[in-house]
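Listed below are the residues making up each chain.
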Amino acid sequence: MTNEETKRNRPKSTPSALATWLLFAAIFAAVQFASLFTPPLLDDVDASHAQTAQHIIDSGDWITTKTNGIRYIEKPPLPFWLVTISYRVAGENAFATHLPNALAILGLTWLCWLWARRAWGPRAGLYAGLGVLTSIGPFLFTRFIIPESILSLFLLIALYSFITSLEDSKPLRSYWMWAALALALLTKGLIAPVFFLGGAVPYLLLSGQWRRWRSLKPVSGLLLFLAIAAPWHILVGLANPDQGHPVGNHPTIGNVHGFWYFYFINEHVLRFFGRRYPHDYNKLPFAAYWLLHVVWLFPWSLFLPALLAVAWKTRRGWLHRLRRGSGQAVQLEVSAAGNQVDNAVLQQNFRMRTAWLLSLFSASTLLFFSISTNQEYYTFPVWPPLLMLIAGAMAGIEENREGAVDSPLPVSRAWLSDAQAAFTVIGVLVAAALGWGLWDSRNLPFVPDIGTLLAHRAVAGYTLSMSHFFDLTGPSFAALRLPAVIAGVALLVGPAAGWFLRLRGRHLAATISIALTSAVFLVAAHIAFARFQPMLSSKQMADTIIQKGSPADTFIILGEQSDASSVIFYTHNFFHGKPALLVLPRCGQHGEGSTLLWGSCYPDAPDIFISNDRLSNMWGIGERKWLFAQDTNQSKAEHLLAGRLYLVQTIADKDLWTDRPLN
């Protein structure tokens with residue numbers, strides 16, 4: 001083949017690092033950064049965790065975290081610390097609350113780009129970064145405060161430091177691994193090192209690199225790990241010892257296990273076996289657990305068959321490449337023998353070992369949660385590794401690299417064309433469904449409070465994070481016209497254009513079109529998400545209290561504090577940190593007040609839990625009272641305080657009353 005023929009058959013080069021990061025920055029700004037400002041904090045876990053950061057600011061206590069004045073020590077502190085720092089810089093608002101999660105996504109984008117670029121080349125690095133920025137899962141589960149994106153970043157740093165410390169014969173890099181593991185432990189708890197070991201230990205055994213265990217600095221590294229991770233665990237344990245004479249796993253008032261039992265046994269061991277108390281969580285059905293990963297990684301999950309084809313084609317070389325010495329070590333050995341090492345061989349070795357490590361880590365983590373209790377987002381840490389593997393396979397096929405890893409025969413580009421065709425078909429079907437919804441709702445009025453149009457099907461008792469998705473109804477579509485139009489046009493045009501480019505052999509442009517289509521769709525999804533503000537957040541009621549109330553007033557919730565946690569957050573400074581009162585039994589023995597149950601059993605817990613009789617007796621006496629109730633408790637309030645309730649505001653399924661007429 002002549003040089004001219006070679007040039008014609010060579011795939012178009014990947015954009016430069018600068019162009020790549022300009023593209024990353026544009027997508028990050030549109031999908032992640034712009035969405036930090038809306039909607040306001042959501043009820044339940046979002047505003048509850050934000051209250052914990054508020055408490056740190058008010059009290060200066062960075063050890064014993066609290067929510068609404070009650071101990072909340074079942075979660076590691078690092079995510080709360082990061083939000084607290086963010087509040088110091090940007091104020092107590094939704095932007096500052098969700099900024100750490102967004103920055104974690106940016107960090108994951110950088111690390112996936114860096115790692116995939118080294119293993120599979122610049123094109124794979126581009127695709128890996130685009131995958132993190134435009135997949136549904138990473139977008140969806142950074143809309144509220146959960147630590148998964150931060151945990152994923154620290155675990156990926158630990159894995160990259162682990163493999164490169166061995167690959168490059170740089171033992172000092174192992175200290176980054178130990179430090180990242182300690183920070184991951186402070187982010188999510190004991191499962192962080194368990195996940196890491198689930199990938200690293202089998203990798204060391206299969207590769208034979210366990211013989212180099214000394215280069216991982218096990219003694220000094222472990223000391224560094226403990227120096228970072230241990231102090232908080234020790235201090236919070238000393239500050240929160242056993243109280244009274246606790247028996248069994250159900251605390252009673254004044255008799256409650258301290259931090260070490262509660263955190264390590266109840267929150268880790270018993271949660272794994274589904275015996276944690278209180279049982280305020282659920283587990284995905286087995287089939288749904290596995291199949292939903294196609295959704296969380298969409299649209300890049302369409303290329304999973306291509307990844308499996310690459311894996312099958314390269315199966316004969318898996319262990320051979322894995323067991324060859326690390327890159328720099330091989331180079332030194334061969335150089336000592338007077339030979340020159342081909343950089344391509346070194347990259348192939350690193351590529352294979354990367355594929356093994358990422359696969360082992362992903363498989364062990366997925367298996368762990370398939371037998372444990374789980375939520376949809378618990379497997380977030382495996383999404384970036386899987387996206388890197390998909391990116392490596394796609395880039396290898398597009399560049400006609402042998403098997404994308406080490407196969408003697410290339411994998412056909414038809415795998416990519418078929419996936420692109422499937423994306424086009426899905427796009428047309430979804431666009432058609434959205435078009436039908438737009439046409440069907442053409443005569444329906446736009447209703448700002450979409451919550452009034454939703455059903456309340458309580459799928460899984462609302463203990464799964466996506467349960468409210470099943471509350472959608474036909475009339476609610478009228479409030480979603482703008483995002484539906486944006487999403488419909490993007491899905492109708494983008495996938496088809498990408499398929500056309502793929503058939504013309506313009507693979508780089510075709511793959512980038514997938515990312516751009518997904519980015520536009522996610523922007524539309526966020527607009528739709530923000531339209532659900534009245535249902536998901538109670539900030540409007542907080543604004544009403546601030547406008548019409550007095551700091552001396554009292555806010556009362558008929559039910560769980562999580563029902564109106566956003567009201568507590570947004571009125572926190574207005575009430576000068578005074579906690580809300582809860583019409584619930586203190587230290588309830590049937591799971592009542594689950595998020596605050598253990599903390600409420602401590603003898604020094606503030607007196608915020610009131611009975612029905614106490615509510616009735618204090619209603620209308622002294623300073624103004626404000627009462628919040630969701631639909632499940634509204635009839636109870638109307639019966640208990642009949643004739644003494646003054647309705648102030650109704651939003652979605654929530655009512656706000658006061659005990660006297662407003663002036």
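Residues numbered from 1 in each chain as written. Predicted model: local features only at pLDDT ≥ 70, side-chain atom pairs only at ≥ 80, totals over all residues. Heavy atoms only, no water.

### Considerations on the overall build of the protein
Right, so step 1: Looking only at helices and strands, the protein features 27 helices and seven strands.
Right, so step 2: Every one of the 663 residues in the protein was classed for burial, and the buried ones make up 56%.
Right, so step 3: Contacts in the protein between residues at least 24 apart in sequence constitute 78% of all its contacts with a sequence separation of at least 6.
Right, so step 4: Looking at the protein as shown, the accessible area adds up to about 27,300 Å², and 65% of this sits on carbon and sulfur atoms. (Helix = DSSP H or I, 4+ residues; strand = E, 2+ residues; numbered from the N terminus. Buried < 20%, exposed > 50% of the residue type's maximum accessible area, 1.4 Å probe, protein only. Contact = heavy atoms within 4.5 Å. Areas by Shrake-Rupley, 256 points an atom, 1.4 Å probe, with all protein chains shown as cover.)

### Considering the state of the cysteines
Right, so step 1: For the structure shown, the criterion picks out one disulfide.
Right, so step 2: Cys587 shares a disulfide with Cys601; S-S distance 1.8 Å. Its torsion about the S-S bond being 90°, the disulfide of Cys587 and Cys601 is classed as right-handed. With Cys587 in the loop between β4 (581-582) and α25 (597-600) and Cys601 in the loop between α25 and α26 (612-618), the pair connects residues that are 14 residues apart, well separated along the chain.
Right, so step 3: By relative accessible area, which is 4% here, Cys587 ends up buried. (Disulfide = S-S within 2.5 Å.)

### What to know about the packing of aromatic side chains
Right, so step 1: What the rule picks out here adds up to 34 aromatic pairs.
Right, so step 2: Taking the centre distance of 5.7 Å and the plane angle of 85° together, the rings of Phe33 and Phe95 count as edge-to-face. You can see Phe33 sitting in helix α2 (residues 17-33) and its partner Phe95 sitting in helix α5 (residues 94-120), a full 62 residues away along the chain.
Right, so step 3: A relative accessible area of 35% places Phe33 in the partly exposed class. (Phe/Tyr/Trp six-rings, centres within 6.5 Å; stacked < 30°, edge-to-face > 60°.)

### Here we look at the packing of α5 against helix α18 (residues 383-398)
Right, so step 1: Contact geometry of α5 with α18 gives a least axis separation of 10 Å together with a crossing angle of 40°. By the criterion of interaxial angle, the relationship of α5 to α18 is oblique. Every pair of crossing elements has a handedness; the one defined by α5 and α18 is right-handed. In this structure, α5 contributes Leu108, Cys112, Trp115, Ala116 and Trp120 to the contact, and α18 contributes Pro384, Met388, Leu389 and Gly392. (Axes fitted to C-alpha atoms, helices over the stretch in contact; angles between N-to-C directions. Parallel < 35°, antiparallel > 145°, perpendicular 65-115°, else oblique. Left-handed = near helix turned anticlockwise from the far one by under 90°.)

### Details of the side chain of Thr67
Right, so step 1: As for its position among the elements, Thr67 is in strand β1 (residues 66-67).
Right, so step 2: When neighbours within four sequence positions are excluded, Thr67 is seen to be in contact with Ser48, Gln51, Thr52, Tyr72, Gln561 and Leu596.

### Here's the deal with helix α10 (residues 191-207)
Right, so step 1: Under the 1.5 Å per step criterion, the end-to-end length of α10 is 24 Å for 17 residues, consistent within 8% with the ideal 24 Å.
Right, so step 2: At Leu197, α10 is deflected by roughly 30°, the largest bend along its length.
Right, so step 3: A positive backbone phi angle near 80° is found at Gly208, which sits one or two residues after α10. (Expected span 1.5 Å × (residues − 1). Bend = angle between axes of the 7 residues up to and from the residue.)

### What about the sheet that holds strand β5 (residues 625-630)?
Right, so step 1: Reading across the sheet, the five strands line up as β4-β3-β5-β7-β6 and stay open at both edges, with mixed pairing between neighbours. Two strands lie at the open edges of the sheet, namely β4 and β6 (646-651), each paired on one side alone.
Right, so step 2: Two elements, β6 and strand β7 (residues 654-658), share five bridges in a ladder whose sense is antiparallel. In the strand pairing of β7, Tyr646 is matched with Thr658.
Right, so step 3: Its contacts with the sheet put helix α27 (residues 631-640) on β5 and β7, and the angle it makes with β5 is roughly 130°. (Pairing = 2+ DSSP bridges.)

### Thoughts on the pattern of salt bridges
Right, so step 1: On inspection of all chains with the given rule, the structure shows 14 salt bridges.
Right, so step 2: Across the pair Asp168 and Arg118 runs a salt bridge, and its minimum N-O distance is 2.5 Å. Taken together, the positions of Asp168 in the loop between α8 (148-167) and α9 (174-188) and Arg118 in helix α5 put the pair 50 residues apart, joining distant regions of the chain.
Right, so step 3: Lys539 serves as the salt-bridge partner of Asp543, at 3.1 Å between the closest nitrogen and oxygen. (Salt bridge = Lys/Arg side-chain N within 4 Å of Asp/Glu carboxyl O.)

### Remarks on the nonpolar core
Right, so step 1: Ranked by internal contacts, the top residues of the largest apolar core, which has 126 residues, are Trp115, Trp120, Leu155, Phe162, Phe196, Tyr203 and Met388.
Right, so step 2: The greatest single-element share of this core, amounting to 13 residues, is contributed by α5.
Right, so step 3: Setting aside chain neighbours within four positions, we find Leu155 in contact with Leu181, Ala184, Ala192, Phe195, Phe196, Phe361 and Pro381.
Right, so step 4: Ile568, Leu615, Leu627 and Leu641 belong to the second-largest nonpolar core, a separate cluster that totals 56 residues. (Core = buried A, V, L, I, M, F, W, Y, C linked by side-chain atoms within 4.5 Å.)

### Some details on the packing of helix α6 (residues 122-134) against α18
Right, so step 1: Look at α6 against α18: their axes get within 8 Å of each other, and the N-to-C directions meet at 140°. Our classification of the angle between α6 and α18 gives oblique. For the pair α6 and α18, the crossing hand works out as right-handed. Contacts between α6 and α18 involve Arg123, Ala124, Tyr127, Ala128, Gly131 and Val132 from the first element and Leu387, Met388, Ala391, Gly392, Met394, Ala395 and Glu398 from the second.
Right, so step 2: When the residues that make up the contact of α6 with α18 are grouped by side-chain class, the tally is nine nonpolar, two polar and two charged. (Nonpolar A, V, L, I, M, F, W, Y, C, P; charged D, E, K, R; others polar.)

### Quick look at helix α4 (residues 78-90)
Right, so step 1: With 13 residues, α4 extends 18 Å between its outermost C-alpha atoms, agreeing within 8% with the 18 Å of an ideal straight helix rising 1.5 Å per residue.
Right, so step 2: Every buried residue of α4 is accounted for by Leu78, Pro79, Phe80, Trp81, Val83, Thr84, Ser86 and Tyr87.
Right, so step 3: Positive phi shows up at Gly91, right after α4, with a value of about 90°.

### Focus on the confidence of the model for the protein
Right, so step 1: Mean pLDDT over the protein stands at 87; residues scoring 70 or higher make up 87%.
Right, so step 2: Per-element averaging of pLDDT across the protein places helix α1 (residues 3-9) at the bottom with 45 and α4 at the top with 97.
Right, so step 3: Here residues 402-409 scores under 50 on pLDDT; set against residues more than four positions off or in separate chains, the count is 27 contacts.
Right, so step 4: Low confidence marks residues 457-464, where pLDDT is under 50. Its contacts with residues over four positions away, or in another chain, come to 25 contacts. (pLDDT = per-residue confidence, 0-100.)

### Remarks on the environment of Val194
Right, so step 1: Inspection of the secondary structure assignment puts Val194 in helix α10.
Right, so step 2: Under the relative-accessibility criterion, Val194 is labelled partly exposed at 42%.
Right, so step 3: When the C-alpha positions of Val194 and Thr365 are compared, they lie 8.7 Å apart, and in sequence the two are 171 residues distant.

### Examining the side chain of Ser207
Right, so step 1: With respect to the helices, strands and loops of the structure, Ser207 is situated in helix α10.
Right, so step 2: Note on Ser207: relative accessible area 5%, which makes it buried.
Right, so step 3: A polar contact of 2.7 Å, which involves the side chain of Ser207, links it to the backbone oxygen of Tyr203.
Right, so step 4: A polar contact of 3.4 Å, which involves the side chain of Ser207, links it to the backbone oxygen of Leu204. (Polar contact = N/O pair within 3.5 Å; in protein donor to acceptor, adjacent residues only side chain to side chain.)

### A look at unusual backbone geometry
Right, so step 1: Here the bond from Tyr277 into Pro278 is cis, since omega is 0°, no more than 30 degrees from zero.
Right, so step 2: In this fold, Pro278 is placed in the loop between α12 (259-272) and α13 (286-296).
Right, so step 3: Omega for the bond connecting Phe298 with Pro299 falls within 30 degrees of zero, at 5°, which places this linkage in the cis form.
Right, so step 4: With respect to the helices, strands and loops of the structure, Pro299 is situated in the loop between α13 and α14 (304-313).

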